[in-house]
Amino acid sequence: MAEAPLLEVSGLVAGYGGVEVLRGVELSIDEGEIVAVLGSNGAGKSTLNNNISGLYRPFAGSIRFAGKQIGGRAPSGIVADGLIQVPEGRRIFPNLTVRENLELGSYRRARPRRAQNLERVETIFPRLAERFRQKAGTLSGGEQQMLAIGRGLMAEPRLLILDEPSLGLSPLLVEEMFTLIARLNAQEGLAILLVEQNVLQSLEIAGRAYVLENGAITLSGPAAELIDNAELRRSYLGI
């Protein structure tokens, strides 16, 4: 019998104040997979993330993580199970040091292994190790994004949701960020749900992808096939 997906979203209807944003969304991700959710601003990507993470309660549908129903559960319980979101805009604490920000990442999960995980994050992000005592608000945009991801890793995630990790970065740093995401997956075996507007680079590192438009999945399949899809290339790449 086939193993159940690590995350399975079925018939998800969700929104705000009674207004539907997501309409019947279906997606899944297996252990060790990178899956991309692609879409422009206003497509419903953040609404999807926030419902999976427990920040909002779905109107209808099912969200299962590691075999458990998590739709409508408290975010703290979802984090404790190992589903960690790195939110859009980094959301670091600017007046705390780099080290203090990282330590907060293990507040709800993996606290007994905080010291080991700090060493692990230092190895992955040597630039952060050089700035442990520096206020997080003084870091560059790229360094702040590294800090946000490092904070997520402190919780020893089973699934890491990255919401627009390339947003606001220079082209060189965008390239570096996607290389890092691919390396985290390859070296750590970490399942990653990559939620992005950067279609081409997301498809280059993902195994599978979904295209979200106006709250509904309009395309899905292996990334290698979608990258050659004429409709997607016309809509998102302008070619």
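First, a word on scope: everything that follows refers to the structure included in this document. (Residues numbered from 1 in each chain as written. Predicted model: local features only at pLDDT ≥ 70, side-chain atom pairs only at ≥ 80, totals over all residues. Heavy atoms only, no water.)

### Quick look at the side chain of Asn185
Tracing the sequence through the fold places Asn185 in helix H7 (residues 171-188). In this structure Asn185 touches Gly32, Glu33, Ile34, Leu190 and Ile192, once residues within four positions along its chain are discounted. (Helix = DSSP H or I, 4+ residues; strand = E, 2+ residues; numbered from the N terminus. Contact = heavy atoms within 4.5 Å.)

### Notes on the pattern of salt bridges
Counted according to the given criterion, the structure contains 11 salt bridges. A single network of salt bridges, built from pairs that share partners, joins Lys68, Arg73 and Asp81. (Salt bridge = Lys/Arg side-chain N within 4 Å of Asp/Glu carboxyl O.)

### Here we look at the layout of surface pockets
Considering only enclosed or pocket space, the largest pocket measures out at about 610 Å³ in volume. Looking at the lining of the largest pocket, the elements with two or more residues in it are helix H2 (75-80), strand E6 (83-86) and helix H6 (141-153). When residues of the lining of the largest pocket are assigned to their parent elements, the largest contribution, 4 residues, is made by E6. Taken as a whole, the second largest pocket spans an internal volume of roughly 150 Å³. Along the walls of the second largest pocket sit Ile124, Phe125, Pro126, Arg127, Gly142, Met146, Leu169, Leu173, Glu176, Met177, Leu180 and Arg183, which together make up its complete lining. Counting only elements with at least two residues in the lining of the second largest pocket, the list comes to helix H5 (126-129), H6 and H7. At 5 residues, H7 tops the list of elements feeding residues into the lining of the second largest pocket. (1 Å grid on protein atoms, 1.4 Å probe; cavity = no way out; pocket = protein on both sides within 12 Å on 5 of 7 lines; lining within 4 Å. Points joined across faces, edges and corners; volume = space filled by probe spheres on them.)

### Let's talk about the pairing of strand E7 (residues 159-163)
Most of E7 is tucked away, with 5 of its 5 residues classed as buried. The two faces of E7 match: Leu159, Ile161 and Asp163 on one face and Leu160 and Leu162 on the other face are all buried. Summarising the sheet, E6 and E7 pair through 4 bridges and their orientation is parallel. Within E7, the residue paired with Gln85 across the bridge is Ile161. Relative to strand E8 (residues 191-196), E7 runs parallel, the two sharing 5 bridges. Paired with Leu159 across the bridge in E8 is Ala191. (Buried < 20%, exposed > 50% of the residue type's maximum accessible area, 1.4 Å probe, protein only. Pairing = 2+ DSSP bridges.)

### Things to note about unusual backbone geometry
Note: most residues except glycine have negative phi, and most peptide bonds are trans. For Glu156, which is not glycine, the phi torsion reads 50° and is therefore positive. With respect to the helices and strands, Glu156 occurs in the loop between H6 and E7. Given a relative accessible area of 22%, Glu156 falls into the partly exposed group. Phi is positive for Glu164, close to 55°, though the residue is something other than glycine. Relative to the elements of secondary structure, Glu164 occurs in the loop between E7 and H7.

### Some thoughts on the sheet that holds E6
On the basis of which strands lie adjacent, the open sheet formed by 6 strands has the order E6-E7-E8-E3-E9-E10 and mixed pairing. Each edge of the open sheet carries a strand with a single partner, namely E6 and strand E10 (216-222). Averaged over all pairs of adjacent strands, the angle between their axes in this sheet comes to 15°, without regard to strand direction. Sheet topology note: the strand E3 (residues 34-38)/E8 ladder contains 5 bridges and is parallel. Note on E8: the bridge partner recorded for Leu38 is Glu196. (Axes fitted to C-alpha atoms, helices over the stretch in contact; angles between N-to-C directions.)

### Comments concerning the packing of H6 against H7
The contact between H6 and H7 brings their axes to 11 Å, and the two run at 15°. Between H6 and H7, the angle is such that the two are roughly parallel. As for the relative orientation of H6 and H7, their crossing is right-handed in sense. Two secondary-structure elements touch here, H6 through Gly142, Gln145, Met146, Ile149 and Leu153 and H7 through Leu173, Glu176, Met177, Leu180 and Leu184. Tallied by class, the residues present in the contact of H6 with H7 amount to 7 nonpolar, 2 polar and 1 charged. (Parallel < 35°, antiparallel > 145°, perpendicular 65-115°, else oblique. Left-handed = near helix turned anticlockwise from the far one by under 90°. Nonpolar A, V, L, I, M, F, W, Y, C, P; charged D, E, K, R; others polar.)

### What about the sheet that holds strand E5 (residues 68-69)?
On the basis of which strands lie adjacent, the open sheet formed by 4 strands has the order E2-E1-E4-E5 and antiparallel pairing. Either end of the sheet is taken by a strand with one partner, and the two such strands are strand E2 (19-29) and E5. With respect to the sheet, helix H1 (residues 45-52) is in contact with strand E1 (7-16), E2 and strand E4 (60-65), its orientation differing from that of E1 by roughly 115°.

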